[in-house]
Amino acid sequence: MMPLAQMADAVLRTADGREKTALSHKFAAQWRAARADDARPEIGHASPPMQPARPDQPELLSPREVPQRKPGTPEGRIALLHAVAHIELNAVDLHWDIIARFTDVKMPMGFYDDWVKAADEESKHFNLMCDCLEALGSHYGALPAHAGMWRAAEDTADDFMGRLAVVPMVLEARGLDVTPGMIKIFKQAKATQAVKALETIYAEEVAHVAYGSKWFHFLCGRHDLDPKDEFHALVRKYFHGLLRPPFNEEKRAEAGIPPDFYWPLTESA
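Predicted model only: the values in this text are computed from it and were never measured. (Residues numbered from 1 in each chain as written. Predicted model: local features only at pLDDT ≥ 70, side-chain atom pairs only at ≥ 80, totals over all residues. Heavy atoms only, no water.)

**Examining the pattern of salt bridges**
Put simply, the rule is: Every case where a carboxyl oxygen of Asp or Glu lies within 4 Å of a side-chain nitrogen of Lys or Arg is listed as a salt bridge. Only DSSP runs of H or I with at least four residues qualify as helices, and only runs of E with at least two residues qualify as strands; both kinds are numbered from the N terminus onward. Note on exposure labels: buried denotes an accessible area under 20% of the residue type's maximum, exposed denotes more than 50%, and partly exposed covers the range between, all computed with a 1.4 Å probe on protein chains only.
Following the criterion strictly, the structure yields 19 salt bridges and no others. Arg 163 is the salt-bridge partner of Asp 97, the closest N and O atoms lying 2.8 Å from each other. One end of the pair, Asp 97, is in helix α3 (residues 74-101); the other, Arg 163, is in helix α6 (residues 160-188), and 66 residues separate them in sequence. The same class applies to Asp 97 and to Arg 163, which are both buried. In this structure, Glu 199 and Lys 187 form a salt bridge, with 3.7 Å as the shortest nitrogen-oxygen distance.

Quick look at the structure:
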């Protein structure tokens, strides 16, 4: 088995979404097998690309240029599924990237277990969204997508704690806020396949946010930093804009993020 960081690098350099997620599943299974009986496989080192390989489609546009479609229409629901697929594909790369990019920081094996599991689940989520799109006569790449999804990764490429603060604890936590509303839209449309897929995503994303919180607090403890103060400083440094309520306070708490972490970063503060 190749070292884990090299596995991560190989996923990042695979362009096609279905091929990328198949490789992600394969490497995650190899990692789990290698970790049996508490073994300690090699992490290694890698030089991951600043941007992951991407398919020719979808066309990537600035957020203002991405067409807005009403979710109450079939076209709007396809656009919503396409947007979620794009988010999930970026999440696959984000989770492998955090493994490959920060190998200079010595971390417990549990850190790698968590992010391999998260990347494996995000790969499943991308494929669930692709299956929903294809069932509706569309596919990933059929519509334009948000070009800014990777910005947080670029901004925090040299800041491990900044990456943990902004990606799982802000961006993925936002998914906990908005996914219940999406599920409601598809339930009203009686789109059972999409409802089931989104409910799977919603259930599993809580753990991904929790991994971010857990390892952020771990590093704060290692460096004798106050987690709340450090989180506020890093989000203000790297996140472009204010956090916007309403917040899913129950699920955020379940993931280890209390209200005094995020409310002070809103406009009302």
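**Things to note about the packing of aromatic side chains**
Rule in force here: Note on ring pairs: Phe, Tyr and Trp rings are taken, using the six-membered ring of Trp, and paired if centres are within 6.5 Å. Classes follow the plane angle, with under 30 degrees stacked, over 60 edge-to-face and the rest tilted. Geometrically, a lysine NZ or arginine CZ counts as sitting over a ring once it is within 6 Å of the ring centre and also within 35 degrees of the ring normal.
What the rule picks out here adds up to twelve aromatic pairs. Here Phe 216 and Phe 231 contribute two aromatic rings whose centre-to-centre distance is 6.1 Å and whose plane-to-plane angle is 80°, an arrangement assigned as edge-to-face. Here Phe 231 lies in helix α8 (residues 227-238) and Phe 216 lies in helix α7 (residues 192-222), a separation of 15 residues in the sequence. There is no split in this pair, since Phe 216 and Phe 231 are both buried. One aromatic cluster is present, formed by Phe 102, Phe 111, Tyr 112, Trp 115, Phe 160, Tyr 211, Trp 215 and Phe 218 through successive ring pairs. Stacked on the ring of Tyr 262, the Lys or Arg Arg 252 has its end atom at 4.4 Å from the ring centre.

**Here's the deal with the environment of Ala 8**
Here Ala 8 shows up in helix α1 (residues 4-12). You can call Ala 8 buried: its relative accessible area is 0%. For the pair formed by Ala 8 and Leu 23, sequence separation is 15 residues and the distance between their alpha carbons is 9.6 Å.

**As for the nonpolar core**
Considering soluble globular proteins, one finds that nonpolar side chains tend to be buried as a cluster. Counted only if it meets this: The term nonpolar core refers to a set of buried residues drawn from Ala, Val, Leu, Ile, Met, Phe, Trp, Tyr and Cys, joined through side-chain atoms within 4.5 Å. Only heavy atoms enter the contact rule, under which two residues are in contact if any of them lie within 4.5 Å.
The biggest cluster of nonpolar side chains holds 55 residues, and the ones touching the most others in it are Leu 4, Trp 96, Ile 99, Trp 115, Phe 216 and Phe 231. Every residue in contact with Phe 231, bar those within four places of it in the chain, is listed here: Ala 165, Met 169, Val 170, Phe 216, Phe 261 and Leu 265.

**Re α6**
For an α-helix, the turn length of 3.6 residues means that residues three or four places apart are oriented alike. Operational definition: Each residue after the first adds 1.5 Å to the expected span of a helix. The bend at a residue is defined as the angle formed between two axes, one fitted to the seven residues ending at that residue and one fitted to the seven starting there. Any pair of N or O atoms that falls within 3.5 Å is considered a polar contact. Within protein, one atom must be able to donate a hydrogen and the other to accept it, and sequence-neighbouring residues count only if both atoms are side-chain atoms.
The terminal C-alpha atoms of α6 lie 41 Å apart, and with 29 residues this matches the ideal 42 Å at 1.5 Å per residue to within 8%. Approximately 40° is the largest bend angle found in α6, and it occurs at Val 178, with the proline Pro 180 only one to four residues beyond. Of the residues flanking the start of α6, the one acting as N-cap is Asp 159, its side-chain oxygen 3.3 Å from the backbone nitrogen of Met 161. Directly beyond the C-terminal end of α6, a positive phi value near 55° is found at Lys 190.

**Here's the deal with the side chain of Asp 159**
Relative to the assigned elements, Asp 159 resides in the loop between α5 (151-155) and α6. Of the polar contacts made by the side chain of Asp 159, one reaches the backbone nitrogen of Met 161; its length is 3.3 Å. One polar contact links the side chain of Asp 159 to the main-chain amide nitrogen of Gly 162, over a distance of 2.8 Å. Leave out the neighbours within four places in its chain, and Asp 159 touches Phe 102, Leu 234, Lys 237 and Tyr 238.

**Re unusual backbone geometry**
Residues other than glycine predominantly adopt negative phi, and peptide bonds predominantly adopt the trans conformation. For the bond from Gln 57 to Pro 58, the omega torsion is 15°, close enough to zero to count as cis. By secondary structure assignment, the location of Pro 58 is in the loop between α2 (17-34) and β1 (60-61). Backbone torsion omega between Pro 245 and Pro 246 reads 5°, so that peptide bond is classified as cis. The backbone phi angle of Lys 190 is positive, close to 55°, even though this residue is not glycine. Note that Lys 190 resides in the loop between α6 and α7. With a relative accessible area of 71%, Lys 190 lands in the exposed category. In this model, Asp 224 sits at a positive phi of 55°, which is unusual for a non-glycine residue.

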